[in-house]
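Residue strings, one per chain:
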Amino acid sequence: MDVDAYLERIGYDGPREPGEETLVALHRAHMLAVPFENLDIHLGIANVLDPARVFDKVVTRRRGGWCYELNGMFALLLEHLGFAVTRYSAAVVLVDPPSPDFAHLTLRVDLDRPWLADVGFGASFTRPLRFDDEGDQERDGNVYRLAQARDGRMVLHENGGPQYSFALEPRAMEEFAEMCVVQQTTPGSHFLDAPICSRATEDGRESLSGMRLITTTKDGRSERELASEEERTAVLRDVFGIDLGAARLRDPRTRAL
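What counts, and where the lines are drawn
- Residues numbered from 1 in each chain as written.
- Predicted model: local features only at pLDDT ≥ 70, side-chain atom pairs only at ≥ 80, totals over all residues.
- Heavy atoms only, no water.
- Pairing = 2+ DSSP bridges.
- Helix = DSSP H or I, 4+ residues; strand = E, 2+ residues; numbered from the N terminus.
- Phe/Tyr/Trp six-rings, centres within 6.5 Å; stacked < 30°, edge-to-face > 60°.
- Buried < 20%, exposed > 50% of the residue type's maximum accessible area, 1.4 Å probe, protein only.
- Lys NZ or Arg CZ within 6 Å of the ring centre and 35° of its normal.

Caption draft 1: Structural context of the sheet that holds strand β1 (residues 36-37). As summarised here, the arrangement of the five strands in space is β1-β10-β11-β12-β13, forming an open sheet in which the pairing is antiparallel. Every other strand in the sheet has two partners, leaving β1 and β13 (220-225) as the edge strands with one partner each. In this structure, strand β11 (residues 204-209) lies alongside strand β12 (residues 212-217), joined through six bridges in antiparallel fashion. Residue pairing across strands places Ser207 opposite Ile214, the latter belonging to β12.

Here it is, written out as structure tokens:
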């Protein structure tokens, strides 16, 4: 991995020594710089677990990705910097019915105390959570809790309720391969519904869902319906820093991967 290129991609020039300060700063920088997005699915391109291809996508071509890509790459970055990282499989419980296991990848980072790191869950905590703390943890205006769950933990958000649960069993990246395919090819997967792109900002979040641009700040939430594919392409470029060139997203109302 080209660590310097990765750190430049997320706009980080701080300390690199493994420690709480470095972890927190890297995590927040990643959330502010790299969007959560499923655009490749709506471009007819398969998302894969191959680190070289993901690095090219996220770092070289300055795209975003979904959990397997973003948390997978973030885990490798941390390991290159000397952090001890454990990969956990998770089930998303903010949907009904809950997703199967391995639908999400999340990370445990062990320092003097353990931390939950996750830069691949969309609208989620911008700084890592203390793994051994079951109390409220405020993160940039949002409050989260890590509660005990069967065989593991559950992430709770004060407004959105339960987000995902995971068992405390270390996993290898290849174990996520099957669900990586299922979630981008199986009818009913919400990733097939519409193109999505979401990134944290200093005072909230910008999100694209289909043809809606949603802006959330401490003052509230606003939505704007985009008028054309050309406007959506411009929003991806100007708001999220994603340049699709001449490629065009498929219309989810008429086509699916």
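Caption draft 2: Quick peek at the packing of aromatic side chains. Scanning all chains against the criterion turns up 12 aromatic pairs. Aromatic side chains Tyr6 and Phe55 sit 6.4 Å apart centroid to centroid with 70° between the ring planes, which places their arrangement in the edge-to-face category. Of this pair, Tyr6 sits in helix α1 (residues 3-9) while Phe55 is found in helix α3 (residues 51-60), placing the two residues 49 residues apart along the sequence. Given a relative accessible area of 16%, Phe55 falls into the buried group. With centroids separated by 4.9 Å and ring planes inclined at 85°, the aromatic side chains of Trp66 and Phe191 adopt a geometry described as edge-to-face. Of this pair, Trp66 sits in the loop between α3 and α4 (67-80) while Phe191 is found in the loop between α5 (177-185) and β10 (196-201), placing the two residues 125 residues apart along the sequence. Classification of Trp66 by relative accessible area gives buried; the value is 1%. Residue classification places Phe191 among the buried positions, given a relative accessible area of 6%. In textbook terms, an aromatic cluster arises when at least three aromatic residues are bridged by ring pairs, as seen for Phe36, Trp66, Tyr68, Phe102, Phe176 and Phe191. Above the ring of Phe131, the side-chain terminus of Arg108 is found at 4.7 Å from the ring centroid.

By themselves, these are just geometric observations and shouldn't be taken as functional.
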